Amino acid sequence: MGTSRPSRPSRPSRPVLLTTLAAAGALVFTTLAPGSATADPSPGRDIHREGSPLSSTERAAKAPASAADRALDDASGGTGLTDTRNRGYPREQKLTPPPANPDDKSIKLGLAPYHSIAPKLNDIQGIGDRVSVEIAGRSAGGHQLYLVTVTAPESAKEAARQERMRELIENAPAAAAKDPAVKSSYKTPVFINNNIHGNEWEGTDAALKLIEKLAKAEDGKSKDLLTHNRLYFNVTANPDGRIAGTRANANGFDLNRDFITASQPEARAMRDIAIAKQPAVMIDLHGYVNGTLIEPTTPPHGENYEYDLFLKNTYANALGMEAAVNGLGYTPEKDGVEPAVIPFRDQEEGWDDWPPIFTPQYMLFHGAVAAHTIEFPMVVNNEEYDDLPVPELRRRSAINVDIAGAAMSATLNYTQEHRTSLIADQIETFRRGATGAAQVPVSPETVPGVPGIGPEDVYTTDFPRAYVIPAGSRDQRSAAAASRLVRHLLDNDVRVERATRDFRLGGTSYDKGSYVIDMRQPKRGLANVMLADGRDISDKVSTMYDISGWSLGRLWGATVASVRGGGLDGVPARAVHEPSRVGRVASRGDLRLRLDDAREVAALNWLLGRGVSVRRAAGDDGSVILSSKARGAALAAAKKYDVAFDATKAKAGAVVRRTRVAAAVTPGELFALREMNFDVVPVSTAVLNAGFDWKKSGGVDALFVSAGLSYGELNAEARDGLDGFLAGGGGVVGRGAEGAALNSDAKLLAAKAVSGNGDANGVVRVVNAGPLTRGAPSHSFVYAPVWFSELGSGVRVEQSYGDGNPLLSGHWRPVDGAGGPADAAGQASVVSGSSASGSGVVLFGTEPLFRDHPKGVFPQVGRALLSVG
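Heads up: these notes are all about the structure in this document. (Residues numbered from 1 in each chain as written. Predicted model: local features only at pLDDT ≥ 70, side-chain atom pairs only at ≥ 80, totals over all residues. Heavy atoms only, no water.)

## A closer look at the pairing of strand β36 (residues 840–844)
What counts here: The buried label goes to any residue with under 20% of its type's maximum accessible area, the exposed label to any with over 50%, and the partly exposed label to all in between, with areas taken from a 1.4 Å probe on protein chains only. In DSSP terms, a helix is any run of H or I states spanning at least four residues, a strand is any run of E spanning at least two, and both are numbered starting from the N terminus. Two strands qualify as a pair provided DSSP detects at least 2 bridges between them.
Counting buried positions along β36 yields 5 of 5 residues, so the element is predominantly enclosed. Sheet analysis places strand β28 (residues 731–735) next to β36, joined by 4 bridges and oriented parallel. Bridge assignment links R735 to a residue of β36, and that residue is F844. Note that strand β35 (residues 828–834) and β36 share 5 bridges and pair antiparallel. Bridge pairing in β36 places G833 opposite V841. Where β35 folds back on β36, the antiparallel hairpin that results is connected by 5 residues, among which G838 adopts a positive phi of roughly 95°.

Okay, here's the thing in structure tokens:
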């Protein structure tokens, strides 16, 4: 596998993260010491895939609809960051504190409850003229996100000059490299992100201490630091979780997995901070790994980064943080604190930076050249929070605050000492992108001073010359998806142009209106990570920390063409700042609405919720028909959801009715169902056992099961209620091993579910064969894939895994010779049919709603729920 590192310093071997498939398909991550058959209890990090805590029969996704509404309403509106180009520093504002909350989980640890932060920042702003506060947005739960800037005072003129230099660095990096003003007087931006996991609290408290210290400092070193740098503190990135003592926000999302999708307002706020402030250095404060973990990481390394520049600075800063943390004097014997760990140096695999879903990895695409996850050591969350006495919890949290402060101070020291080279490396990052320069593979020669670099660390990619997202009559089916994808690229500061007339590129003809992404742009890495297929890295390492494959091009439903050669000089195109709207309604005749896109499903459910009569199109092509009399409602839906209603002469079939869904699902699935405007009632084993009324409020039409509902764990009354629902024709949609288990236990469809490697994940090739998948993308997403065999009479294959190796990008290996992609090839991935009682049933072996990400696959679930309901 190429993971041996013989040239690295001799050091006790560190744990390697392994994954195992637990009961009912939930992934459980454990940490095994080398040579040990038992879990090492020292790393307390809550490592898990999205949704796994909800796999217990006692829990279900139950985020309030208001939180989902808030996240969805803000999805295209950016954050609360204001345009302050005509203002200097400080930019003080008096914050309105929220009501005191005695149930804030921080209080037990002796840490700052959320309601105390605004008064504290108000007090600090009054100390002098160095501290400013902006509201960067609101969380899913409605709490303000505080962005604090600490720097020496600036006039409006000087602030405008700093902004011009920031823009020059990104937009004209060659000129910036030669500009003496940039070298001498540009303030290095440093971003310190805290508490992105709500029950990893202490970074917030360390940040408040440091902000106050710098506000008061009169020593020459501090003054010099603030003269030459701007320090940005996201005081708590996840106030919902901080208050509730949960890793996730109010929608149940792990925000440190959301950066490519940006489904949550907190992730969008951090994205906009990255774009507006353009940090050269950033650190992300977490817990809990003992000893303190300080990135850079083990292989594999993301192939779209300028990894040589990143490794040079990140490793050097890690050494400084290691010295500062160890220098605090905590010991294993006296305090239970182990020496700090740098995974790149001390581990072989299991803590990688391959996916750009994490904060530090995402920040690299916006110019960070030193970026770290830092895990303080002393566990105070989960079981420890509940079981340990308060004095011990507070002892531990105080140590963590101390260690977080040491990491922050060491980072500021590194920045001050290397500010000129850090900015030069940031400029070089953007220059390579703008000019199409080749990446520089890491080696002892290209990154001197970093020990143990080997071939296992070399990951680069061949960037295409451009991407084209076609438009016009040939691509009407994906017009809504194209519009959404372009909006997302623009929101991430990727440059997009639109053709003003028909053109040819790379030997292919494209219509006027097609979008062109010139890959010679400063943030080419981000454009490529979103639009490229990715890579199958199954043979590179034995285990991965999180997902290994993603592709907006393959999974969001839009057609994306990669252009490998030639130039763009002959392409007639103009820069766009907004995608063209695709919403329209034919002026006469009956109207057809396709259901190929999540927004189209959302529009349908919106219409049904308002009592509009809708029928299925004859011929089972997956579309629906509205009478010409409903044109007014269609106009409103087209405007709201930017979808097209075309004229049709097709015959109308059965009436489509509003589907109310009882859902035992993960948080990401619950969010996606609400995004498609389904009326959702969260359920679980516990909810059913407590006495669930299947007929209340108009009744339930469909049951969706993927997590948290076990037929065998139901009490007699709950089982009778579920059986009655099924006997009465209630439909079922099951996903993954738990959905398949319910199908088997309730004796619905004759189909044997086969579970693949529980750690496998990525983008897979599929063959669509049924009405539920008609028009769907030829790729889907899997995590712990399942397939179906021994299909009974009447069971229809809606979709199959592709032949050969169905994995396009990601990590999927067999375990003990089984459960690999070769076993899944050609097997049914989605099946449908009717039970003996007439209930409609659809079973998914893929993950079509994973973390609200694979947007183009959502309609498969939408159609399934509408069909079984």
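## Section: the nonpolar core
Grouped burial of nonpolar side chains is what soluble globular proteins tend to show. Spelled out, the test is: The definition of a nonpolar core used throughout is a set of buried Ala, Val, Leu, Ile, Met, Phe, Trp, Tyr and Cys residues joined through side-chain atoms within 4.5 Å. Residue contacts follow a heavy-atom distance rule, with two residues in contact if any of their heavy atoms lie within 4.5 Å.
In this structure, Y146 and I517 are the most contacted members of the largest nonpolar core, which totals 148 residues. Counting residues per element, this core draws most heavily on helix α15 (residues 390–435), at 15 residues. When neighbours within four sequence positions are excluded, Y146 is seen to be in contact with L95, P98, Y114, I117, A118, L121, V133, E134, I135, F233, N234 and V235. Core analysis: the next-biggest nonpolar cluster, separate from the first, contains 50 residues, V612, V614, A637 and A638 among them.

## A look at the packing of aromatic side chains
Here is the rule we go by: Stacked, edge-to-face and tilted are the three classes for Phe, Tyr and Trp ring pairs, Trp counted by its six-membered ring, which pair at centre distances within 6.5 Å; planes under 30 degrees apart are stacked, over 60 edge-to-face, the rest tilted.
Applying the stated criterion across every chain yields a total of 18 aromatic pairs. Centre to centre, the rings of F259 and Y362 are 5.3 Å apart; their planes meet at 25°, and the pair counts as stacked. Of the two residues, F259 is situated in the loop between α8 (239–244) and α9 (265–277) and Y362 in helix α13 (residues 359–364); the sequence distance between them amounts to 103 residues. Taking relative accessible area as the criterion, F259 reaches 1% and is therefore assigned buried. For Y362, a relative accessible area of 0% gives the class buried. Ring centres 4.5 Å apart and planes at 20° place the aromatic pair W694 and F725 in the stacked group. With W694 in the loop between α22 (685–689) and β27 (702–705) and F725 in helix α23 (residues 716–727), this pair connects stretches of sequence that are 31 residues apart.

## Considerations on the sheet that holds strand β24 (residues 652–655)
A sheet is described by the order of its strands in space; here 6 strands give the open sequence β19-β23-β20-β22-β21-β24, paired in mixed fashion. Every interior strand has two partners, whereas the edge strands, β19 (584–585) and β24, have only one. Alignment of strand β20 (residues 590–593) against strand β23 (residues 644–648), held across 3 bridges, turns out to be antiparallel. Paired with D590 across the strands is T648, a residue of β23.

## Thoughts on helix α17 (residues 524–531)
α17 sits mainly inside the fold: 8 of its 8 residues count as buried. Burial in α17 covers these residues: R524, G525, L526, A527, N528, V529, M530 and L531. Structurally, α17 contributes buried residues whose contacts are with α13, α15, β12 (466–469), α16 (479–491), β16 (515–518) and α18 (552–555).

## Regarding the pairing of strand β32 (residues 786–789)
Residues of β32 alternate between two faces, with V786 and F788 on one and W787 and S789 on the opposite face, all of them buried. Bridge analysis of strand β29 (residues 752–755) against β32 gives 4 bridges, and the strand direction is antiparallel. If you follow S755 over to β32, its bridge partner there is V786.

## Notes on the pattern of salt bridges
Quick note on the threshold: We count a salt bridge whenever a side-chain nitrogen from Lys or Arg sits within 4 Å of a carboxyl oxygen from Asp or Glu.
For the structure shown, the criterion picks out 47 salt bridges. The partner of K312 in a salt bridge is D425, and the shortest N-O contact between them spans 2.9 Å. Here K312, found in helix α10 (residues 307–326), pairs with D425, found in helix α15; they are 113 residues apart in sequence, far enough to count as distant. Between D335 and K334 there is a salt bridge, with the nearest N and O atoms lying 2.8 Å from each other. D335 sits in the buried class, given a relative accessible area of 10%. The class for K334 is exposed, based on a relative accessible area of 57%. One network of salt bridges, with partners in common, ties together E200, R247, D254, R257, D546 and R851.

## Let's talk about the sheet that holds strand β5 (residues 188–194)
Defined as follows: With axes taken as lines fitted to C-alpha atoms, and helix axes fitted only over the stretch in contact, angles between N-to-C directions fall between 0 and 180 degrees.
Spatially, 7 strands are ordered β3-β4-β6-β5-β7-β11-β8 in an open sheet, and the strand pairing comes out mixed. The open sheet has two free edges, formed respectively by β3 (131–138) and β8 (293–294), since each of these has just one partner strand. Pairing geometry for strand β4 (residues 144–150) and strand β6 (residues 229–234), over 4 bridges, is antiparallel. Each residue of the ladder has a partner; that of L147, found in β6, is N234. The strands touched by helix α2 (residues 114–125) within the sheet are β3 and β4, with β4 carrying the most contacts at an inclination of about 30°. On the sheet, helix α7 (residues 220–228) packs against β4, β5 and β6 and is oriented at approximately 85° with respect to β6.

## With respect to the side chain of N400
Counting through the fold element by element, N400 comes out in helix α15. Once you skip the residues sitting within four places of it in the chain, N400 turns out to touch E202, Y288, F376, P377, M378 and V380.

## A closer look at the packing of helix α19 (residues 598–609) against helix α20 (residues 631–641)
Spelled out, the test is: These descriptions rest on fixed angle ranges, namely under 35 degrees for roughly parallel, over 145 for roughly antiparallel, 65 to 115 for roughly perpendicular, and the rest for oblique. In this scheme the crossing of two helices becomes right-handed for a clockwise turn of the near helix relative to the far one and left-handed for an anticlockwise turn of less than a right angle. Residue polarity is assigned by list, with Asp, Glu, Lys and Arg as charged and Ala, Val, Leu, Ile, Met, Phe, Trp, Tyr, Cys and Pro as nonpolar; anything else, Gly included, falls into the polar class.
Across the interface, α19 lies against α20 with an axial gap of 10 Å and an inter-helix angle of 140°. Put simply, α19 runs oblique to α20. Between α19 and α20 lies a crossing of right-handed hand. On the side of α19, the interface is formed by R599, A602, A603, W606 and L607, while α20 contributes A633, A634, A636, A637, K640 and Y641. Residue composition of the contact of α19 with α20, grouped by class: 9 nonpolar, no polar and 2 charged.

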